[in-house]
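The primary structure of each chain is shown beneath.
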Amino acid sequence: MRLLVSDTSPYARKCRVLVREFGLSDTVEEVDAHPFKDGDVLLAANPLGRVPALIMDDGRALTESLLIGTYLAAQAGQPWTEDWDEWRLQTLGSGLIDLAVGRRVEMVRDEALYSEYWITRRERGIARALDQLEDEAGGLGEPLGFAGLTIAIALDYLDFRYPEAGWRKGRENLVTLHAFWSERDSFAVTSPPADG
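Residues numbered from 1 in each chain as written. Predicted model: local features only at pLDDT ≥ 70, side-chain atom pairs only at ≥ 80, totals over all residues. Heavy atoms only, no water.

Peer 1: Hey, could you run me through the packing of helix α4 (residues 84–107) against helix α6 (residues 146–161) in this one?
Peer 2: The relative placement of two packed helices is expressed as an angle between their axes plus a distance between the axes. Close contact between α4 and α6 brings their axes to 8 Å; oriented N to C, the two are set at 15 degrees. Between α4 and α6, the interaxial angle falls into the category roughly parallel. Between α4 and α6 lies a crossing of left-handed hand. Contact residues: α4 offers E86, L89, Q90, G93, S94, L96, I97, A100, V101, R103 and R104, while α6 offers F146, A147, G148, T150, I151, I153, A154, Y157, L158 and R161. For the contact of α4 with α6, the class distribution of residues is 12 nonpolar, five polar and four charged. (Axes fitted to C-alpha atoms, helices over the stretch in contact; angles between N-to-C directions. Helix = DSSP H or I, 4+ residues; strand = E, 2+ residues; numbered from the N terminus. Parallel < 35°, antiparallel > 145°, perpendicular 65-115°, else oblique. Left-handed = near helix turned anticlockwise from the far one by under 90°. Contact = heavy atoms within 4.5 Å. Nonpolar A, V, L, I, M, F, W, Y, C, P; charged D, E, K, R; others polar.)

Given below as structure tokens:
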């Protein structure tokens, strides 16, 4: 299988971590496919032009990190427990990533095209999501699960692209969760490059 990724994408990073956590590195080859370059391989796998995309052995591709993660877990024999609360918190973490990425996209547009409305709206949503996740994040480190990983990746992405959010202030549960994941090899080796 081939996993099309970009090293700065938090969505692709989630899948890259899962490949390592599930012991699938020997069966999944990571291929750099920067989404803004519209490369032929990426567009053939995902006409939406987004990463990650997992090209399965039969040539069909799975897109979106949630679907790919579920497939990888199945390939590894479902090593992490899943329940509705886990799914609920995972999707909230994914939404936090969506808002942070949306803010980033807005911030790198030509300054004449900035939309303060959309920047501010996303920043308010980020703050609300962080507050709710702080209330519910206790105990998400062990056992390993999709929710804790997704939230930790969202927090790391905030450090990478929106450090002024100051997400750590008054959010000890999130700090603990982030620290737990930061110590794992799978998380460390998939960190985005500092110059990204």
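After that view of the structure, there is still more to cover.
Peer 1: Looking at this structure, I do not really get the sheet that holds strand β1 (residues 2–5). What am I missing?
Peer 2: The strands that make up a sheet are held in pairs by hydrogen bonds between backbone atoms, and each pair lies either parallel or antiparallel. One open sheet accounts for four strands, arranged β2-β1-β3-β4; its pairing is mixed. Only two strands of the sheet have a single partner each, and these edge strands are β2 (29–32) and β4 (61–63). Along the sheet, successive strands turn relative to each other by an average axial angle of 25 degrees, direction set aside. As judged from the three bridges shared by strand β3 (residues 53–55) and β4, these two strands associate in the antiparallel manner. Bridge pairing links A53 to T63 in β4. (Pairing = 2+ DSSP bridges.)

Peer 1: Help me out: how do you make sense of helix α1 (residues 10–21) in this one?
Peer 2: Owing to its 3.6 residues per turn, the α-helix aligns residues three or four sequence positions apart on the same side. Its 12 residues place the ends of α1 16 Å apart at the C-alpha level, agreeing with the 16 Å of an ideal helix rising 1.5 Å per residue. Of all 12 residues in α1, 10 are buried; the element is thus mostly enclosed. Where α1 is concerned, the buried positions are P10, A12, R13, K14, C15, R16, V17, L18, V19 and E21. The backbone nitrogen of Y11 has a side-chain oxygen 3.3 Å away, supplied by the residue at the start of α1, namely S9. Just downstream of α1, G23 is the residue with a positive phi angle, here 70 degrees. (Expected span 1.5 Å × (residues − 1). Buried < 20%, exposed > 50% of the residue type's maximum accessible area, 1.4 Å probe, protein only. Polar contact = N/O pair within 3.5 Å; in protein donor to acceptor, adjacent residues only side chain to side chain.)

So, to be careful, I would describe these as geometric facts and stop short of saying anything about function.
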